[in-house]
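Chains, contacts and geometry: an overview
Spelled out from the first residue to the last, the chains are:
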Amino acid sequence: MLSFLVFVVAVVLVGGALFLVAALLLGRGETQPPAEPDRSPVELPEHRRVTSDDVRALRIAVTVRGYRMVEVDWLLDQLAQTLDERDAEITALRAELAARTQQETPTDPGVASPDGEGDRDA
């Protein structure tokens, strides 16, 4: 009976020690204070377009519990905004190209095409 009591006390002590170590390493369950969005170490160039090398060079700060979610969210918002701007520019350029192509295409069927072939009567 004494050995059983010693075993139970040892299990409780080891369990308590593991709990304390885990509590010290992982924190007590409190949330991290929100990061200041304007004070992010993640920087993208403002004076030129973002390139793939800029994205590859980004390093997001790692904290005790992983990446800072505010920085990751900010980075994703910036990348999404850049992609939206590029998509809008591509759409505008394609529309301009289509308008120029339509202006250069002759509407008179008797006019010869640029490759030298037109309506020829045999």
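Residues numbered from 1 in each chain as written. Predicted model: local features only at pLDDT ≥ 70, side-chain atom pairs only at ≥ 80, totals over all residues. Heavy atoms only, no water.

**Some points on the overall build of the protein**
Where we set the bar: Runs of E in the DSSP output that reach at least two residues are strands. Runs of H or I that reach at least four are helices, and both are numbered from the N terminus. Here's how the labels work: a residue is buried when its accessible area is under 20% of the maximum for its type, exposed when over 50%, partly exposed in between, all with a 1.4 Å probe on protein chains only. Any pair of residues with heavy atoms lying within 4.5 Å of one another is described as a contacting pair. Computed with the Shrake-Rupley method and a 1.4 Å probe, the accessible areas treat only the protein chains shown as cover for residues.
For the protein, the helix and strand inventory stands at three helices and two strands. Moving toward the C terminus, one meets the helices and strands of the protein in the order α-α-β-β-α. Relative to its full complement of 122 residues, the protein shows a buried share of 9%. In the protein, the proportion of contacts linking residues at least 24 apart, taken out of those at least 6 apart, comes to 55%. Counting every atom, the protein has about 10,900 Å² of accessible surface; 61% of that belongs to carbon and sulfur.

**Here's the deal with the confidence of the model for the protein**
Stated formally: Residue-level confidence of the predictor, termed pLDDT, takes values from 0 up to 100.
Confidence in the prediction of the protein, expressed as mean pLDDT, is 76, and 70% of residues score 70 or more. The secondary-structure element of the protein with the lowest mean pLDDT is strand E1 (residues 62–63), recorded at 70, while helix H1 (residues 2–26) shows the highest, at 88.

**Examining the pattern of salt bridges**
Inclusion rule: Any Lys or Arg side-chain nitrogen located within 4 Å of an Asp or Glu carboxyl oxygen qualifies as a salt bridge.
Scanning the model with the defined rule gives one salt bridge in all. In this structure, Glu96 and Arg100 form a salt bridge, with 3.0 Å as the shortest nitrogen-oxygen distance. One end of the pair is Glu96 and the other is Arg100, both in helix H3 (residues 69–104) and four residues apart, which spans about a single turn.

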